[in-house]
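Per-entry structural report
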Amino acid sequence: MTRAAPMTELAWLGATLLLALALTVAVTLPSGAPPFETIYVLFKGGLGSVSKFGRVLAVWVPLTLCAVGLLVPFTARLWNIGVEGQVIMGAIFCTAALRPYDAGGAAQIIIALGAGVLGGALWALLAGLLRVFGRVHEIFSGLGLNFVALGVTLWLIFGPWKRPGVASMSGTQPLDVSLWLPRLGSMTVSWVGLALALAVLALIYILLLRSEWGLKLRAVGENPKAATLFALGPRRRLLQAFMVCGGAAGLAGAIQVLGVYHRLLPAISSSYGYTALLVGMMASFRLGPVPFICLFFAVLNVGSIQLPLQLGLDSSLSGVIQGVMVLSVFIVHGLRLWLRQRKEAG
Amino acid sequence: MTDTFALTLAGILMAGAPLVLATLGETLTEKAGIINLSLDGSILLAAMAAFAVSVTFDSPWLGVLCGMGVGAAIAGVLGVIGIYLGQSQLAVGFILTLLARDLAYFLGHSFSRQPGPDLGLWTIPGIGTIPFIGPIFGSQSPVIHLSLAAIFLCWWWMYRTEGGMRLRAVGESPRAAFGRGIRVRLVRLYYCLAGGALVGMAGAAYSLAVKPGWGRPQGCEGAGWIVLAIVIFGGWNPVRAALGAFFFAALQVSGIYLQEVFPSIPAPVFQVAPFPIMILTLLAVNMGRVGWVQDMVRRNPVLKRLSQSWSIEAPAALGQDFDPRKGL
């Protein structure tokens with residue numbers, strides 16, 4: 001495929017965004033919401049003040065961790081749909097590691113973060129084993145395990161880890177303040193979380209694009225049969241790829257516990273795993289655009305919280321816009337393919 | 001005692017009705033070679049649309065039609081992008097799942113927790129007094145009758161008509177079908193739409209009969225994923241797929257009983273119980289294709305007999321593009 005001129009690319013990008021806008025307005029028309037006022041409220045809710053931008057960054061951290069993690073198994077042409085469950089499992093392991101402590105400091109926090117990574121990686125390994133040895137398609141193994149992870153959380157919150165007195169959907173007993181991740185100035189986001197997200201971003205860049213491991217993983221994805229013949233160990237490598245992704249997702253879950261909610265609750269993952277899959281598809285699973293798409297999606301997520309308060313609309317509009325945008329990318333991509341084929345056919 | 005048993009069976013038929021409808025829809029679509037991964041969202045959006053239309057026009061049957069339309073429309077989007085624009089069916093289906101789910105919550109906001117009409121019960125005269133059959137079929141929701149009729153119709157269409165032969169041809173061997181003058185892409189699009197309509201009917205069955213009403217959550221979340229697994233479990237055969245759907249419905253119903261036995265376990269835990277079973281079922285189905293398992297089966301006469309009646313083959317061209325311009 002030849003690369004088109006930058007101006008043409010830019011024009012197609014504009015067309016994609018216009019299509020996304022038109023489709024969003026079209027599908028949300030039955031709600032009777034005023035389109036322009038809604039968009040204004042949405043962006044003001046996400047970018048209106050420093051504290052709101054802090055919240056956007058707090059969403060950006062787990063979303064980016066999940067999305068860049070997803071690139072690793074996708075390099076081997078595998079979809080890790082279980083990323084949502086891996087976030088939850090990371091949060092569970094993190095909470096478990098903190099349960100013996102009433103208070104603590106950096107050491108306990110580091111242990112808890114490590115436990116989160118481990119939890120996510122193990123949950124991903126399970127999905128990977130089912131895929132590699134049980135031949136269960138990763139969509140079903142991953143998705144099923146997402147629901148199982150949610151079930152485990154609910155069981156813990158209502159059972160062994162319930163708050164003294166009342167068990168409720170609001171989660172476990174909050175952590176002591178000494179176990180919270182330190183915040184960035186007055187903003188909700190923790191600088192530790194931000195630093196970890198940037199570090200993982202850099203790490204995965206090196207792993208995928210600058211290491212032999214990444215190159216061989218790509219080979220496994222392109223041609224599994226040849227990879228076996230060249231002794232690249234495709235099975236082991238696929239499992240490793242799953243575990244790297246699960247580790248990143250588990251870290252996101254631990255950060256949700258330590259830095260955002262300060263406890264375990266059923267909605268701990270906030271569906272970031274599914275949103276991250278949309279990010280990955282929108283970026284065509286390339287690393288470069290991922291952090292920026294994550295930032296945009298985070299603005300939508302945070303802004304949409306204002307919709308029920310100010311306009312009486314459901315906050316799921318952010319998900320609708322995200323879905324429509326990714327769908328538009330696919331439509332425009334398909335249309336370009338179709339046009340090119342027509343031109344070639346004369 | 002027999003009455004409790006009959007009532008349990010009736011409960012399984014009811015819980016299974018939407019699963020059966022959606023499973024049959026997806027089986028039709030996949031038989032034509034297209035994977036519609038958008039089921040979970042489609043069911044939810046169709047459920048919302050069906051309920052909203054029923055409330056607005058006070059006509060539940062209009063709601064069912066609307067739900068079918070919504071299901072077909074989503075499948076149509078998938079069909080056009082997947083078949084004609086050559087994009088990944090799995091990716092587009094997954095996007096549509098999330099999109100339809102969020103759209104359902106967004107558009108359904110004002111209908112949340114509202115009272116509304118449902119499909120009510122159909123009373124068949126003369127059956128109610130028959131022991132055992134009476135409690136099951138005497139006075140039941142029409143979705144049960146619809147789902148049972150759909151099983152027969154799907155089987156008959158697939159294996160006893162020329163249309164069904166064309167359907168199987170485009171899914172098994174699109175090139176050969178094309179050579180015989182069948183418009184492969186168009187036939188695939190038709191079955192995408194027809195399957196989507198059945199999936200939409202399943203959504204309407206949820207919001208108008210099985211779990212009447214709309215809210216966030218509605219209660220049918222996750223059903224679509226179970227259905228996708230049942231299609232594989234059923235080996236793309238409508239009758240066996242329907243049996244699989246009733247099997248999962250039985251699990252759901254038994255969950256309600258188990259909850260009474262183990263009151264300390266919170267209710268939401270039972271709602272996720274079908275998912276590990278889904279994974280185990282797929283594991284059991286797929287392990288049959290692994291080398292050492294096949295060897296073991298061949299040596300054991302009992303397992304060998306079993307495996308012959310249990311061979312599962314996916315439609316050969318499932319999920320594959322077909323481009324007529326590339327020739328035969």
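First things first, this report covers the structure right here in the doc. Predicted, not measured: the structure shown is a model, and the values here were computed from it. (Residues numbered from 1 in each chain as written. Chains lettered and ligands numbered in written order. Predicted model: local features only at pLDDT ≥ 70, side-chain atom pairs only at ≥ 80, totals over all residues.)

Our focus in this paragraph is helix α2 (residues 35-47) of chain A. The α-helix winds at 3.6 residues per turn, so residues separated by three or four positions along the chain end up facing the same way. Residue and element names in this part refer to chain A. Here α2 spans 18 Å end to end across 13 residues, near enough to the 18 Å set by a 1.5 Å rise per residue. Along α2, the residues classified as buried are T38, V41, L42, G45 and G46. For α2, the buried positions fall inside an angular range of 120 degrees around the axis, keeping them on one side. Away from its buried face by more than 90 degrees, α2 exposes F36 and E37. For α2, the secondary structure elements touched by its buried residues are α3 (50-75), α12 (290-303) and α13 (306-311). (Helix = DSSP H or I, 4+ residues; strand = E, 2+ residues; numbered from the N terminus. Expected span 1.5 Å × (residues − 1). Buried ≥ 20, exposed ≤ 12 C-beta atoms within 10 Å, placed from the backbone. Arc of directions from axis to C-beta. Contact = placed C-beta atoms within 7 Å.)

Within the fold, B:V272 resides in the loop between α12 (267-271) and α13 (274-287). Measuring from C-alpha to C-alpha, the distance between B:V272 and B:F132 comes to 32 Å, with 140 residues separating the pair along the chain. Excluding its chain neighbours within four sequence positions, the residues that come into contact with B:V272 are A:F147, A:V148, A:L150 and A:G151.

So, about the nonpolar core. A:L63, A:C66, A:V279, B:I43, B:L198 and B:A205 are the most contacted members of the largest nonpolar core, which totals 222 residues. Setting aside its immediate chain neighbours within four residues, B:A205 contacts B:A17, B:P18, B:L21, B:V143 and B:V210. (Core = buried A, V, L, I, M, F, W, Y, C linked by C-beta atoms within 7 Å.)

Another aspect to go through is the packing of helix α11 (residues 272-282) of chain A against helix α4 (residues 89-107) of chain B. Look at α11(A) against α4(B): their axes get within 11 Å of each other, and the N-to-C directions meet at 135 degrees. Judged on the interaxial angle alone, α4(B) and α11(A) are oblique. Regarding α11(A) and α4(B), the two cross each other, and that crossing is left-handed. Where α11(A) abuts α4(B), its residues A:Y274, A:L277, A:L278 and A:M281 lie against B:A91, B:F94, B:I95 and B:L98. Grouping the constituent residues of the contact of α11(A) with α4(B) by class yields eight nonpolar, no polar and no charged. (Axes fitted to C-alpha atoms, helices over the stretch in contact; angles between N-to-C directions. Parallel < 35°, antiparallel > 145°, perpendicular 65-115°, else oblique. Left-handed = near helix turned anticlockwise from the far one by under 90°. Nonpolar A, V, L, I, M, F, W, Y, C, P; charged D, E, K, R; others polar.)

With that settled, consider the environment of A:G334. Considering the arrangement of structural elements, one finds A:G334 in helix α14 (residues 317-345). When the 18 C-beta atoms within 10 Å are taken as the criterion, A:G334 is described as partly exposed. In this structure the C-alpha to C-alpha distance between A:G334 and A:A345, which are eleven residues apart in sequence, comes to 16 Å. When near neighbours in sequence (up to four residues on either side) are disregarded, A:G334 contacts B:I81, B:L85, B:G86 and B:Q87.

Take unusual backbone geometry next. B:P217 follows B:R216 through a cis peptide bond whose omega is 5 degrees. For A:S284, which is not glycine, the phi dihedral falls at a positive 50 degrees. Using a count of 11 C-beta atoms within 10 Å as the deciding quantity, one classes A:S284 as exposed.

So yeah, pure geometry; function would need other evidence.
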